[in-house]
Structure formats: C-alpha cells, structure tokens
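Residue-level structure breakdown
Take a look at the letters that make up each chain.
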Amino acid sequence: AQKVTQAQTEISVVEKEDVTLDCVYETRDTTYYLFWYKQPPSGELVFLIRRNSFDEQNEISGRYSWNFQKSTSSFNFTITASQVVDSAVYFCALSERSYNTDKLIFGTGTRLQVFP
Amino acid sequence: DSGVTQTPKHLITATGQRVTLRCSPRSGDLSVYWYQQSLDQGLQFLIQYYNGEERAKGNILERFSAQQFPDLHSELNLSSLELGDSALYFCASSVGTVYNEQFFGPGTRLTVL
C-alpha cells in the first residue's frame, strides 16, 4: 500500500541552525508526485513544492531545499539558517492515482519549533 | 491567500445534527478535494470532484456526502453528527488531477458537543 513516513514527530532548533525534515515513501506506481506542505499555527496548509518521480534533480528555493532520492524512496526537506517564522508543522505527501482513486496520502507531519 | 474560500470558519453544533460546509475553488480549477484533519487520524482524504462529477472516494463515512455544483463550488454535508466528527475540514482545489498541486482553503473547524 502507498505510505508516507515522517519519523520525526517534533524537532526543536535555535534560530540560524540548519534543519532537515525526513520523508520516506512507499508506492507501487511508476509515475507519482511528491509534495511538501507547511501548516503554520494559523492552521492553513501552504503548498511548498511538487516533484515528479522522473525528476531527481535537487531543488532550491531561497533557504529551502529538497533532496529527492528514488534509490532510498526519500524526499527530504532542508531549511537553511532557520527563522522563527519557519515554526510550523510540515507535511510530506504522495500522489495515488488509478482508475478509481485520485488522492494525496499525507505523512503524520513533523512539528518544527524554531527558538530565537 | 490560496484563492480557495471556505465557509464557515468555525461551526459548533450538537450530536445528531446536520451541517453543511461550503468551498469555492480557485478561479480556473476544476477539481475539489475534501480532507479531514483530526488529532488521532491526521490528514485524511474524504472525496474528490472533478468538473461536477465524483472522481474518487476515500475514507468518507456514509453519514457524509458531498457535491460539486455547475459553478464548481462544492458542499460537504455531515449528518447524524458524533463527537468524533469534531475536526478541521479542508477543501483544496487543483486544475486537474492529483498530479497537480492542490491549494488549500483556510478550513472549517467543526466542534460537536
């Protein structure tokens, strides 16, 4: 079955530290997409990135970077020089698509607390 | 602001009651997804509509139903409410399939007393 594992339940860092959030997935699909979402204390879910299964290039966006490794079924997220505003719950998600399903499977989330 | 709107923001009701949650997708998006977020179950997919038709079903209870109207807004109906239905209900929209990024609304927090 499709599955997303975020083994880190909670991470605490001090501002300016780098932090990596782990995401490991399981899928039978050859074509799939992986996503990261941020849920700040206000509660909304904010889209961060989408990556397809055929593109293993790392992505960098400002202080955020993502490392996709098909060989280890991982899609890890690194925040460089963390800031207090990065405090949130981060979710990794995997697409599942077939003739009768079309949905995202979310991990349980990692709560990141960044202290000043 | 994702462009997805949900009303109401908060809803407090009693067991046994029925409520309707409303969602308006981003302009141009044809797909609407409904999710339930609770402390014990995490984020769970409920149901998806694409251009007015039901496309996929997840862990949606029989007491729950949804529809998408011709103007593409969607409603999630929850009936015979139980304490365990208390959760945050999100609507998300995308241009097409689950391969496209989904943009989430602010959610409706439902409290069943």
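1. A closer look at the state of the cysteines
- Taken as a whole and judged by the stated rule, the model has two disulfides over all chains.
- Put simply, Cys23 of chain A and Cys92 of chain A are joined by a disulfide, and their sulfur atoms are 2.0 Å apart. Between Cys23 of chain A and Cys92 of chain A, the S-S torsion sits near -65°, and that sign places the bridge as left-handed. Linking Cys23 of chain A in the loop between strand E3 (19-21) and strand E4 (24-26) with Cys92 of chain A in strand E10 (residues 88-98), this pair joins segments that are 69 residues apart in sequence.
- Note on cysteine connectivity: Cys23 of chain B is disulfide-linked to Cys91 of chain B, with sulfurs 1.7 Å apart. Note that Cys23 of chain B is positioned in strand E3 (residues 19-24) and Cys91 of chain B in strand E9 (residues 87-94), a separation of 68 residues in sequence.

2. Regarding the interface of chain B and chain A
- Taken residue by residue, the interface counts 20 residues in chain B and 23 residues in chain A.
- When chain B packs against chain A, the two sides together hide about 1900 Å² of surface, and 58% of this comes from carbon and sulfur.
- Broken down residue by residue, the surface that chain B buries against chain A is led by Arg55, Val98 and Tyr99 of chain B, which jointly contribute 36%.
- Summed over the shared surface of chain B and chain A, the number is one salt bridge.
- Taking the shortest distance from any N to any O, the salt bridge between Glu101 of chain B and Arg50 of chain A comes out at 3.4 Å.
- Counting every contact that joins chain B to chain A gives eight residue pairs in polar contact (both at pLDDT 80 or more).
- Listed by contribution, the elements that provide at least two residues to the side of chain B that touches chain A are strand E4 (31-38), strand E5 (42-50), strand E6 (53-57), E9 and strand E10 (103-104) of chain B.
- Looking at the side of chain B that touches chain A, its residues break down into twelve nonpolar, five polar and three charged.

Rules used throughout
- Here the residue index of a chain counts from 1 through its sequence in written order.
- Whichever chain is written first is A, and whichever ligand is written first is 1; the rest continue in order.
- Under the rules for a predicted model, residues below a pLDDT of 70 receive no local features and side-chain atom pairs below 80 are neither given nor counted, while totals for whole chains, interfaces and linings still include all residues.
- Side-chain numbers come from the whole structure's heavy atoms, not from hydrogens or water.
- The disulfide criterion used throughout: a pair of cysteine sulfur atoms within 2.5 Å.
- Only runs of H or I of at least four residues qualify as helices and only runs of E of at least two qualify as strands under DSSP, and these elements are numbered from the N terminus.
- Whether two residues are in contact is decided by their heavy atoms, any of which lying within 4.5 Å being enough.
- Once two parts are put together, the accessible area they lose, assessed with a 1.4 Å probe and summed over both, is termed the buried area.
- A pairing counts as a salt bridge when a side-chain nitrogen of Lys or Arg comes within 4 Å of a carboxyl oxygen of Asp or Glu.
- Within 3.5 Å is the distance limit for a polar contact, defined as a pair of N or O atoms, with the added protein rule that one can donate a hydrogen and the other accept it, and that residues adjacent in sequence qualify only through two side-chain atoms.
- When residues are grouped by polarity, Ala, Val, Leu, Ile, Met, Phe, Trp, Tyr, Cys and Pro land in nonpolar, Asp, Glu, Lys and Arg in charged, and all others, Gly among them, in polar.

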